[in-house]
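In case you want the letters, here they are:
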Amino acid sequence: MSSLKVIVSHIAEVAEGIRHFTLVAANGGELPGFSGGSHVVVSMPAGPRTYRNAYSLLSSPADRSHYQIAVRLQEHSRGGSRFMHEQVTVGTALDITWPVNLFAIARLGRKHILVAGGIGITPFMSQAHELLRSGANFELHYGIRSPRHAGFVDELRALLGDRLHCYDQSQGQVIDSQALLARQPLGTHVYVCGPAGMVDAMVGSAKRLG
């Protein structure tokens, strides 16, 4: 499948070390449709080699005028995240793949529990828009290291209201996976993205609870 030509139309710093990029079609038209949880792979030519990194789409699937991605600068970056932070500016042209979804919402779920840690919030941004539009029963639980690392909290609070539950690790708040899942009704689906320890704890609790 051919790549998509896009232009960076806006860049914002949304948290410490995290930049938010808005991409529009180079030809001025609409971009291909996608579903919540989808990602694109961005090609980044850096001298003799090209980096290719996958980034979740954050924007509403209902709005095809642009895509949005967020990139965290990795401390030991091989070059991809550093390229996005240091080389990409408003007006930069990029090649991206068509959207692919490996993290889709289960349509038959009676309730959906979304659990994010840090930059793991990104796939849930588009999922939240999709779940709201469909009228689904869902909650988003978001663990952050500290307020300065809390990307998109204000936007999510405005969008989701009391469906959003935040946990500030700097204040001793953690997501208790066992307690959270134990109180959910039958037919609930859980989705998790974040640090390996958090993912393992959530998956382990889900398995113990059947």
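Treat the numbers as computed from the prediction; the structure is a model and nothing was measured. (Residues numbered from 1 in each chain as written. Predicted model: local features only at pLDDT ≥ 70, side-chain atom pairs only at ≥ 80, totals over all residues. Heavy atoms only, no water.)

Novice: Run through the overall build of the protein, naming residues and quoting values.
Specialist: A count of helical and extended segments in the protein gives five helices and 11 strands. Relative to its length of 210 residues, the protein is compact, with a C-alpha radius of gyration of 17 Å against a globular reference of 17 Å. Taken over the C-alpha atoms alone, the protein extends approximately 50 × 35 × 30 Å along its principal axes. Out of the 210 residues belonging to the protein, those deemed buried represent 46%. Here the analysis covers contacts within the protein between residues at least 6 apart in sequence; of these, 67% occur between residues at least 24 apart. As presented, the protein carries roughly 10600 Å² of accessible surface, and 51% of it is formed by carbon and sulfur atoms. Placing the 19 positive and 15 negative side-chain charges of the protein at their respective mean positions leaves the two points 6 Å apart. (Helix = DSSP H or I, 4+ residues; strand = E, 2+ residues; numbered from the N terminus. Rg over C-alpha atoms; globule rule 2.2 N^0.38 Å. Buried < 20%, exposed > 50% of the residue type's maximum accessible area, 1.4 Å probe, protein only. Contact = heavy atoms within 4.5 Å. Areas by Shrake-Rupley, 256 points an atom, 1.4 Å probe, with all protein chains shown as cover. Lys, Arg positive; Asp, Glu negative; His and termini not counted. Charge placed at Lys NZ, Arg CZ, Asp CG, Glu CD.)

Novice: Go over the pairing of strand E8 (residues 111-117), please, and point to the residues and values.
Specialist: When you tally the buried positions in E8, you get seven out of seven residues, the bulk of the element. Judged by which residues are buried, E8 turns out to be covered on both faces: Lys111, Ile113, Val115 and Gly117 on one side and His112, Leu114 and Ala116 on the other are all buried. Bridge count for E8 against strand E11 (residues 188-193) is six bridges, and the pairing is parallel. Considered in E11, the bridge of Leu114 is made with Tyr191. Note that E8 and strand E9 (residues 138-144) share six bridges and pair parallel. (Pairing = 2+ DSSP bridges.)

Novice: Give me the sheet that holds E9: which residues, what numbers.
Specialist: Adjacent strands of a sheet pair through backbone hydrogen bonds, lying either parallel or antiparallel. Spatially, the four strands line up as an open sheet ordered E10-E9-E8-E11, and their pairing is parallel. At either end of the open sheet lies a strand with only one pairing partner, and these are strand E10 (164-168) and E11. Direction aside, the axes of adjacent strands within the sheet are offset by 15° on average. As defined by bridge partners, E9 adjoins E10 across five bridges and the pair is classed as parallel. Following the sheet pairing, Gly143 is matched in E10 by Tyr167. Where helix H2 (residues 122-134) meets the sheet, its contacts fall on E8, E9 and E11, and the angle it forms with E8 comes to roughly 160°. Strands in contact with helix H5 (residues 196-208) are E8 and E11; relative to E11, the strand with the most contacts, it is inclined by about 165°. (Axes fitted to C-alpha atoms, helices over the stretch in contact; angles between N-to-C directions.)

Novice: How would you explain the nonpolar core if you had to name every residue and give the values?
Specialist: In terms of nonpolar packing, the biggest core is built from 24 residues, with Leu114, Ile121, Leu140, Tyr142, Phe152, Leu156 and Leu160 touching the most fellow members. Only E8, H2, E9 and helix H3 (153-160) provide two or more residues apiece to this core. Those residues in contact with Leu140 that sit more than four places away from it in its chain are Leu114, Ile121, Phe124, Leu156, Leu160, Arg163, Leu164 and His165. Counting 22 residues, the second largest nonpolar core, distinct from the first, contains Ala25, Val40, Tyr51 and Tyr67. (Core = buried A, V, L, I, M, F, W, Y, C linked by side-chain atoms within 4.5 Å.)

Novice: I'd like a description of unusual backbone geometry, backed by residues and values.
Specialist: Even without being a glycine, Phe152 presents a positive backbone phi close to 75°. Turning to its location among the elements, Phe152 is positioned in the loop between E9 and H3.

Novice: How would you sum up the pattern of salt bridges? Please name residues and give values.
Specialist: Any two side chains of opposite charge can pair, so long as their charged atoms come close to each other. In the structure shown here, the tally under the stated rule is eight salt bridges. Here Arg19 makes a salt bridge to Glu13, at a shortest N to O gap of 2.9 Å. Notably, a salt bridge pairs Glu16 with Arg148, separated by 2.5 Å at the nearest N-O pair. Placement of Glu16 in the loop between strand E1 (4-15) and strand E2 (18-25) and of Arg148 in the loop between E9 and H3 is noted, with a sequence separation of 132 residues between them. (Salt bridge = Lys/Arg side-chain N within 4 Å of Asp/Glu carboxyl O.)

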